[in-house]
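Structural overview
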Amino acid sequence: MFQVPANFVRFTVIISIQIVILAFGYGFLGAVAYFQYLAPPDPVCELMMSYPGELTMIITLIATMLSVTAATLFTLSVKEALRHRMWKPISLIHLSTGVALAQGSHILKHRYMSLTISTLFIIGMLRLLTAGWITLLTPTYFMWPVQLNGTELDITGSAFATLLREEFLANGLTDIQDNAFEILDIGGMLSGVTAAGFTFGLPGTFNFNGAKYNVSTQGVVPTIESFSGSDGVPNANGTRLGFSGGNVTVNTGVVPGSHPSVPIPQGFSTNYSMSQQGLTANVSCWAIDSSQTQYLWDANNSYVIYANAAASNNSITALRLWNISANCGTNTLTTYEYVTMVDANGNTSSSGTGFLPSVVCQGPTNMNQTYTNFSEPLKYACVESLTESVPVAIFTQGFYKYGFLQASVCEVVPLLTTVRADYSNEQISSEVTSSTPFQPENAELLSFIASVARFQSINSQGLTSSTIGDTLYSIYSSTTIGSINDNLNDTQVYLELEDYWRGVVEFSATFLRSGFMATGSFPNNEIPNNLSSQVTGTMFISTIGWTRWAKNSPTYLLATLPLTIITILTLACALYSILEAWKERHGWAGHYRAHDFDVSNTLHLIMVCAAGSLALKDFGEEGIINNECVMVQLKEDGEKKKFVIADPPHLVVSKEFV
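Residues numbered from 1 in each chain as written. Predicted model: local features only at pLDDT ≥ 70, side-chain atom pairs only at ≥ 80, totals over all residues. Heavy atoms only, no water.

**Focus on the nonpolar core**
As a reminder of what qualifies: What is meant by a nonpolar core is a set of buried Ala, Val, Leu, Ile, Met, Phe, Trp, Tyr and Cys residues, joined one to another through side-chain atoms within 4.5 Å. The cut-offs for exposure are 20% and 50% of the maximum accessible area for each residue type, with area from a 1.4 Å probe on protein chains only; residues under the lower value are buried, those over the upper are exposed, and the others partly exposed. The way it works is that DSSP assigns letters per residue, a run of H or I at least four long becomes a helix, a run of E at least two long becomes a strand, and they are numbered from the N terminus. Here a residue-residue contact requires only that any non-hydrogen atoms of the pair lie within 4.5 Å.
In this structure, Phe160, Leu279, Trp297, Phe395, Leu497 and Trp501 are the most contacted members of the largest nonpolar core, which totals 90 residues. For this core, the element with the most residues is helix 10 (residues 490-517), which contributes 13 residues. Beyond its immediate stretch of four places on either side in the chain, Leu497 contacts Cys285, Thr396, Leu405, Cys410, Ile468 and Leu472. One finds Leu55, Ala70, Val99 and Ile123 within the second-largest nonpolar core, a separate group that totals 47 residues.

**A word on the sheet that holds strand 8 (residues 297-307)**
Heads up, the condition is: Two strands qualify as a pair provided DSSP detects at least 2 bridges between them. Every axis in this analysis is a line fitted to C-alpha atoms, fitted for helices over the stretch in contact. Angles between the N-to-C directions lie between 0 and 180 degrees.
With antiparallel pairing, three strands are arranged side by side in an open sheet as 8-9-10. The outermost strands of the open sheet, each flanked by one partner alone, are strand 8 and strand 10 (333-342). The sheet shows a mean angle of 20° between the axes of neighbouring strands, direction not considered. Pairing analysis gives eight bridges linking strand 8 to strand 9 (residues 318-327), with the strands arranged antiparallel. For Trp297, the partnering residue across the bridge sits in strand 9 and is Ala326.

**Details of helix 10**
Using the following cut-off: Given the number of residues in a helix, its expected span is that number minus one, multiplied by 1.5 Å.
Look at helix 10: 41 Å from first C-alpha to last across 28 residues, which is about the 40 Å you get at 1.5 Å a residue. Counting buried positions along helix 10 yields 23 of 28 residues, so the element is predominantly enclosed.

**With respect to the state of the cysteines**
Selection criterion: The disulfide definition used here is simple: a pair of cysteine sulfur atoms within 2.5 Å.
The final tally for this structure, using the stated rule, is one disulfide. Through a disulfide, Cys285 is tied to Cys410; the S-S separation comes to 2.0 Å. The disulfide joining Cys285 to Cys410 has a torsion of about 110° about its S-S bond and is therefore right-handed. With Cys285 in strand 7 (residues 269-287) and Cys410 in strand 15 (residues 408-424), this pair connects stretches of sequence that are 125 residues apart.

**Examining unusual backbone geometry**
With a phi close to 55°, Gln218 is a non-glycine residue in the positive phi region. Mapped onto the secondary structure, Gln218 falls in the loop between strand 5 (211-214) and strand 6 (251-254). Under the relative-accessibility criterion, Gln218 is labelled buried at 17%.

**Observations concerning the confidence of the model for the protein chain**
This is how it is decided: Here pLDDT means the predictor's own confidence in every residue, given as a number from 0 to 100.
Counting all residues, the mean pLDDT for the protein chain is 81, and 81% of those residues have values of 70 or more. Of the regions scoring below 50 in pLDDT, residues 174-180 engages in 13 contacts with residues more than four places distant in sequence or in other chains. Confidence drops under pLDDT 50 across residues 650-658; counting only partners more than four residues distant or on other chains, this segment forms 16 contacts.

**Considerations on the sheet that holds strand 2 (residues 90-91)**
Read across the sheet, three strands follow the order 2-18-19 without closing on themselves; strand pairing throughout is antiparallel. The open sheet has two edge strands, strand 2 and strand 19 (640-645), and neither has a second partner.

**A few points about the packing of helix 5 (residues 113-137) against helix 11 (residues 555-585)**
How we decide: Each angle receives one of four descriptions, namely roughly parallel if under 35 degrees, roughly antiparallel if over 145, roughly perpendicular if within 65 to 115, and oblique otherwise. Here a crossing is taken to be left-handed if its near helix is turned anticlockwise relative to the far helix by less than a right angle, and right-handed if that turn runs clockwise.
For the pair helix 5 and helix 11, the least separation of the axes is 8 Å and the interaxial angle reads 130°. Considering the angle they form, helix 5 stands oblique to helix 11. As for the relative orientation of helix 5 and helix 11, their crossing is left-handed in sense. Side by side, helix 5 and helix 11 meet where Phe121, Ile122, Met125, Leu126, Leu128, Leu129, Gly132, Trp133, Thr135 and Leu136 of the first sit next to Thr555, Leu558, Ala559, Pro562, Leu563, Ile565, Ile566 and Leu569 of the second.

**Focus: the environment of Trp133**
Structurally, the position occupied by Trp133 is in helix 5. What makes Trp133 buried here is its relative accessible area of 2%. Not counting chain neighbours up to four residues away, the residues in contact with Trp133 comprise Ile21, Phe24, Gly25, Ala63, Leu66, Ser67 and Leu563.

**Regarding the environment of Ile305**
Structurally, Ile305 is set in strand 8. Using a relative accessible area of 45% as the deciding quantity, one classes Ile305 as partly exposed. A sequence separation of 17 residues divides Ile305 from Trp322, and the C-alpha atoms of the two residues are 9.8 Å apart. Contact partners of Ile305, with chain neighbours within four places excluded, come to Leu319 and Leu321.

Below, the structure is given as structure tokens:
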């Protein structure tokens, strides 16, 4: 009948526990590698973040417990294997090496470098167990990426051009002024001021409809609900071109990942990076040279239309009407009218009053007209078709307080863009990733942008000052020491003016998108497919947990190599002990032996050495060297166990052991 070898249960427990520990380590590592990201439930994450010291202590305790368990099982298996090995001849140096490992120690013998290195390596692996477990189990803060997709209004295609044309024909641009141009007036001005001021180091946050933009809108509309701003519902006339604020429809959702069973944490904070449509402009401003005859600019036609010499100091004494004209390339002059306040003699104070007129050369006012290719000097004309990028020209000149700005022209070339919009810290920051010029189907869009610029240029001028002029003056003077006229840098002034108009153009696109995406603009708040543009991006959730390491990271080795090596050695020793015990049970190695001898117990070693009356050399150097090579063997005589000198031919250690 089959008999279970002595201590078989003990060896089975050692092997089982060691395999469970190894499986736990590799299972945890495999789970992280398979799922890529793992995080505990949100309440647990909150506790981890709130109590980092306690978290470190708990992880250290768990790692220490696992390491001590694995190390203890190793020393037990070594002790059992060495106890069986001692029934056979063994040199004292190898015996001392085994005893050192059974006690969790090492030897340092320069004459036995292989044994020294082996024990140091094994002890090193034992010491690294704790570090490996801590590395493996310690959670870290990381950003959990979640793919998003959705749709937004596509203002670049022919479908939107048709829709915008219908809005123009139904309401006309004058209706836009009645319903929403006060929003365009203030919003466009603030957008331009923010963009221009940021160049000179001033704060660069622009707010519109409850959303915050970094420097400028870049023509985007929020595609993330938590960043969409206002949650008010626009009235019946408060959408599309009549938009005056309100909730903007967001259609962005989570893309199911490869492991939908893994719950996505709420996290501590959430950032987004989205690829979506935008709109910007290349703006170039320069002074009009007298030799550039194609730029016909006339600001000399003005006369007093009202005068009241008896008016009090708080009343208007007189008004001057200005007819400002420019050649927009249509063989006719485009003329704007401005009114400024003057004294009874028709004169204006050069220090307290500022006049900065502008003329915008835009697209056709007749919606049945389209654009064609443009070439100097008629590139701002409206004729039959559009085949290249279309600039909008803005002629301007400063007078009196703004006299530092001479007659100038700004060429504004709008561009359709794709941007990477980053949503973080309650702010939207956008960066252009690609751009394309306007196409024939963008004629209405260009007309709208030019109309916004025209409205901004006219309405920014009041009776005594201009918003644009004050922006240029205040921003530049705030960064200049002394008189602005004495320290004028044309390059910086034009750079500021370019940023201003770029901000206005970008805001006009954001306003347009917001109006057509406002709640109530479309039935069921669903944008038709032919008016939709794909939005893709990533949501980054800040949480705490475990994430897969890079494939070339040494973390894998540090976390798993010590445990793997110790497990292999433990299993090898345990299996050796099981085999030897089975042999002893069946008489292969003499007879059954008692198992009450503990090789790691110093007292037991003293007892077996004393019982055997070993004749060894003294403690001299030569004596120690000779003793290390002595081959001994454990013998048993009843209850008595003793070390005896092994029988020949085992008197000398083979050279291969030295």
